Amino acid sequence: MGNVCLTPLEGGEIVIITVPNPGGTSDWIYSVPAGYEMTLLSVTWQVSTSALVGDRYIGYFSWGPVADAVLYRMLTVFTTVIIAGQSRAVVLCLQSSRTNQNIVNHYHDSLPEIRYTPGMRWGGTWAGSSLPGDQFFNIVQTVIRWRV
Amino acid sequence: MGNVCYVPLAGGESVSFALPNPAAGADWLYTIPAGYEYEIRALQCKLICSLVVADRRPLFVIYDTAGNDHWRLYFSPANYTLAGETSVFSLYVGCQRTDYSFLTVVTSRQNNDTLPYNRLPAGYQIGTAFGGLDAADQWSEIRINALRWRV
């Protein structure tokens, strides 16, 4: 039979999760479903801005587990503003040593090493800076998940 | 049934909780409760500063049960919080930003830095020991995420 190396159950299950596009100018949010705990390994999304002039700021949040009384949150604001009519991609992953960096219209930064419990949420935000016609889209994330 | 991946006991229990606000002008400390060991994964806290002019000098600490320092994290003078500012600190394991401070609006500051890998036994404390706090400065929205084990 040889040395058969099966994925250890302890390591969890890797899954790719696509998040629906939010409405224009809106933040996107993902909620950990019941019955699972998750660690977010990476997330990417794209950003397009309308021709309306104004600085845009992009952030990453996590909340929870109580939705109505935010128990826990983190904010990462990218200091390089997006001006009108531009597009960007946001690339966040665990252990990224590039932080707050914009190269070829891609923002890079690190993620927290947290095991999220059911009901906890994370997402991308405009930090209140979006203008009509702005849009988040193509939100794709990789998570390790476990059943609880 | 397939490959059902349950969280291993060795991984600890993931918990998130909020702390009560300390008195005005006072720092906050969280004490690991009896019967547990905690691995602090992330913390957030907000400082609202009075208009009394003084640099609020950030310092995050871990103390053992005798009050000895096990970790101290300072921010550089360029990133001190100033009078009249609201300053949110988000520190987490895996954060690659260090000594990072950014004014999102004129008086609203966002700070990031990394937490060390840690495993704190009962009685250890984690929190703040800021320099230059005014008597009317106020900590609030203190939130912690951790893995914990019963011992």
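Now for a look at the structure at hand. (Residues numbered from 1 in each chain as written. Chains lettered and ligands numbered in written order. Predicted model: local features only at pLDDT ≥ 70, side-chain atom pairs only at ≥ 80, totals over all residues.)

1. Things to note about the overall build of chain A
Put simply, the rule reads: Helix and strand assignments follow DSSP, with helices taken as H or I runs no shorter than four residues and strands as E runs no shorter than two, numbered in order from the N terminus. Burial is judged by counting the other C-beta atoms within 10 Å of a residue's own C-beta: 20 or more makes it buried, 12 or fewer makes it exposed, and any count in between marks it as partly exposed, with every C-beta position built from the backbone. By definition, residues are in contact whenever their C-beta atoms, placed on the basis of the backbone, come within 7 Å of each other.
Helix and strand content of chain A: zero helices and 10 strands. Listing each helix as α and each strand as β along chain A from the N terminus yields β-β-β-β-β-β-β-β-β-β. Taking all 148 residues of chain A together, the buried fraction comes to 34%. When contacts within chain A are restricted to residue pairs at least 6 apart in sequence, long-range pairs at least 24 apart make up 75% of them.

2. With respect to the sheet that holds strand 7 (residues 101–103) of chain A
All names here are of chain A. Defined as follows: In this description, strands pair whenever DSSP reports at least two bridges between them. Helix axes are fitted to C-alpha atoms over the stretch in contact, other axes to C-alpha atoms as well, and angles between N-to-C directions run from 0 to 180 degrees.
Within the open sheet, the six strands sit side by side as 1-10-3-6-8-7. Their pairing is mixed. A single partner strand is all that each edge strand has here, and the edge strands are strand 1 (13–19) and strand 7. The average undirected angle you get between the axes of adjacent strands in this sheet is 20°. The pairing of strand 1 with strand 10 (residues 135–147) spans seven bridges and is classified as antiparallel. Counted as the bridge partner of I16 is T142 from strand 10.

3. Brief notes about the pairing of strand 6 (residues 86–92) of chain B
Residue and element names in this part refer to chain B. Counting buried positions over the seven residues of strand 6 gives six, a clear majority of the element. When strand 3 (residues 36–48) meets strand 6, the two strands line up antiparallel, connected through seven bridges. Along strand 6, the bridge assignment pairs I48 with T86. Alignment of strand 6 against strand 8 (residues 108–114), held across seven bridges, turns out to be parallel. Across the sheet, the residue bridging to Y92 is T114, located in strand 8.

4. Notes on the environment of P58 of chain B
Residues and elements named next belong to chain B. Looking at the element boundaries, P58 is found in the loop between strand 3 and strand 4 (59–63). A count of 24 C-beta atoms within 10 Å places P58 in the buried class. Sequence-wise, P58 and L91 are 33 residues apart; in three dimensions their C-alpha atoms are separated by 12 Å. Setting aside residues up to four positions removed in sequence, P58 forms contacts with Y74, F75, T81, F89 and F130.

5. Observations regarding unusual backbone geometry
Its identity is not glycine, yet T25 of chain A carries a phi of approximately 70°, on the positive side. T25 of chain A gets classed as partly exposed once you count the C-beta atoms within 10 Å, which come to 15. A positive phi angle, close to 50°, is found at D99 of chain B, a residue other than glycine. Within the element layout of this structure, D99 of chain B appears in the loop between strand 6 and strand 7 (100–105).

6. Structural notes on the sheet that holds strand 5 (residues 69–74) of chain B
Residues and elements named next belong to chain B. Pairing is antiparallel in the open sheet, where four strands are placed in the order 2-9-4-5. Since the sheet does not close on itself, it has two edges, and those belong to strand 2 (29–31) and strand 5, each with one partner. Strand-to-strand twist of the sheet, defined as the mean angle between neighbouring strand axes without regard to direction, takes the value 10°.

7. Quick notes on the nonpolar core
The condition that has to hold: Buried Ala, Val, Leu, Ile, Met, Phe, Trp, Tyr and Cys residues whose C-beta atoms connect them within 7 Å together make up a nonpolar core.
Core analysis: the biggest nonpolar cluster contains 47 residues, and I40, C45 and L91 of chain B have the highest contact counts within it. Secondary structure elements with two or more residues in this core: strand 3 (36–48), strand 4 (59–63), strand 6 (87–93) and strand 10 of chain A together with strand 3, strand 4, strand 6 and strand 10 (138–150) of chain B. Excluding residues within four positions of it along the chain, I40 of chain B makes contact with L115, N118, L120, I126, I144 and A146 of chain B.

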